[in-house]
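# Fold and geometry: a report
As a plain string of letters, each chain reads:
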Amino acid sequence: MPQKIRMILRPVSSFEMPSSEGYQLYSALLGVMKEADPAAAGQTHDSPINSISLGPLEGRFLSGKRAMHKAVDTAEKYNLTVGITDPKEIEIFRAIIAPLVLREGNLAMEKGELRVEELSSSTESFEDMVSSAGKIKEPCLDFQFRSTTSIQYKNTKVTEMFPHRMAVFHSLLSKWNAVCPEELKMSIDRDDMARFMIEKPLAYETHSVVVNTVFDKIKGHARPIMRQGFSGCCQYTFARGAPEGFKNGIITLAKFAEYSGVGSAVARGCGAVKVEVGEV
């Protein structure tokens, strides 16, 4: 059952972090999980599917002294959302909750720590997402891409730099089919996404962000792993004559997006979205 964990964090002291902080947050969260349940941490790290998706750290930041860096303010509270879609989500959930709440643990970043002041969670079953999708007559899907969304085309190194309907919803379809119950798997043709959907970007930007670092043995120092993508707002509607079953499937995927994220590197802060499902 997909889950969302919402945290309110406060820095123990002021410190700098990269402007794209997702990979450090992922390492910090994985460290917390290893304390409580090494097996769950291993499952999360080694899974061929993205077990979790991290939203951006939201709040007011101070200017960093280094390029492409920012500093947290001890007077400020920061929000972080973690989505969990893995079939073993209970173990992952407990591995996150136990150290942070029961043991009053902190998220240890590279230069400082973030203390968890509040924590809440919510769930929505796959079945509920499917059943609620059919109740909307003339659907309108408003996507806010809150962090850099990096969608690679099939097995290439070509990255989508525009919130194209086929790229976004094919990514979500793959994520849904990887974790949902067998009886709820969907088959939606990419051509139908192109024929029956309309995207209307309201505002968007393109980015290049760090999602990991690796040690370069040749150069003798760490080097960043980069991902390219977009952020911003895009509205998706349906063309006249779109089949009801198709529309219901797309709405289900839109609801799922807040748990799974869109595209690649979602565990390291990419592809976080906020979705509003309304009517035209």
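First things first, this report covers the structure right here in the doc. (Residues numbered from 1 in each chain as written. Predicted model: local features only at pLDDT ≥ 70, side-chain atom pairs only at ≥ 80, totals over all residues. Heavy atoms only, no water.)

## Some words on the packing of helix H5 (residues 165–179) against helix H7 (residues 244–260)
Note the following rule: Whenever a helix is involved, its axis is fitted only over the stretch in contact; in every case the axis is a line through C-alpha atoms, and angles between N-to-C directions fall within 0 to 180 degrees. What counts as a helix is a DSSP run of H or I of at least four residues, what counts as a strand is a run of E of at least two, and both are numbered from the N terminus. Every angle not falling under 35 degrees, over 145, or within 65 to 115 is termed oblique; those three ranges are roughly parallel, roughly antiparallel and roughly perpendicular. In what follows, residue pairs with any heavy atoms lying within 4.5 Å of each other are defined as contacts. For this classification, the nonpolar set comprises Ala, Val, Leu, Ile, Met, Phe, Trp, Tyr, Cys and Pro, the charged set comprises Asp, Glu, Lys and Arg, and every other residue, Gly included, is treated as polar.
One can describe the packing of H5 onto H7 by two numbers: an axis separation of 9 Å at closest approach and a directional angle of 75°. In terms of their interaxial angle, H5 and H7 are classed as roughly perpendicular. Residue-level inspection shows Phe-169, Leu-172, Leu-173, Lys-175, Trp-176 and Val-179 of H5 in contact with H7, the latter providing Ile-250, Thr-252, Leu-253, Ala-254, Phe-256, Ala-257 and Ser-260. Class assignment for the residues of the contact of H5 with H7 results in 10 nonpolar, 2 polar and 1 charged.

## Side note on the sheet that holds strand S6 (residues 78–84)
Spelled out, the test is: Pairs of strands are assigned from DSSP output, requiring at least two bridges between the strands.
Spatially, S3-S6-S1-S8-S7 is the arrangement adopted by the 5 strands of the open sheet, whose pairing is antiparallel. Of all the strands in the sheet, just strand S3 (52–54) and strand S7 (106–108) have a single pairing partner and so form its edges. This sheet shows a mean twist of 35° between the axes of neighbouring strands, independent of strand direction. One ladder, built from 7 bridges, connects strand S1 (residues 3–11) with S6; its direction is antiparallel. Following the sheet pairing, Ile-5 is matched in S6 by Val-82. Together, S1, S3, S6 and strand S8 (113–123) form the strand contacts of H7, whose direction differs from that of S1 by roughly 40°.

## Examining the environment of Ala-28
Within the secondary structure layout, Ala-28 lies in helix H1 (residues 22–36). For the pair Ala-28 and Met-109, spaced 81 residues apart in sequence, the C-alpha separation works out to 5.8 Å. Setting aside its immediate chain neighbours within four residues, Ala-28 contacts Leu-107, Ala-108 and Met-109.

## Topic: the packing of aromatic side chains
Quick reminder of the rule: In this analysis, rings of Phe, Tyr and Trp, with Trp reduced to its six-membered ring, are considered paired at centre separations within 6.5 Å, and the interplanar angle assigns stacked below 30 degrees, edge-to-face beyond 60, and tilted for intermediate values. Only protein chains enter the accessibility calculation, which uses a 1.4 Å probe. A residue is then buried if its area is under 20% of the maximum for its type, exposed if over 50%, and partly exposed in between. In this scheme, Lys NZ or Arg CZ marks a charge over a ring once it lies within 6 Å of the ring centre and within 35 degrees of the ring normal.
Throughout the structure, instances matching the rule amount to 12 aromatic pairs. With centroids separated by 5.7 Å and ring planes inclined at 35°, the aromatic side chains of Phe-143 and Phe-145 adopt a geometry described as tilted. Using a relative accessible area of 1% as the deciding quantity, one classes Phe-143 as buried. Residue Phe-145 is classed as buried on the basis of its relative accessible area of 3%. For the pair Phe-196 and Phe-246, a centre-to-centre distance of 5.7 Å together with 55° between the ring planes defines the contact as tilted. Separated by 50 residues along the polypeptide, Phe-196 in helix H6 (residues 190–196) and Phe-246 in helix H7 bring together distant segments of the chain. An identical accessibility class is assigned to Phe-196 and Phe-246; each is buried. The lysine or arginine in question, Lys-4, covers the ring of Tyr-259, its NZ or CZ lying 5.0 Å from the ring centre. Positioned above the aromatic ring of Phe-61 is the side chain of Lys-70, whose terminal nitrogen or guanidinium carbon lies 4.0 Å from the ring centre.

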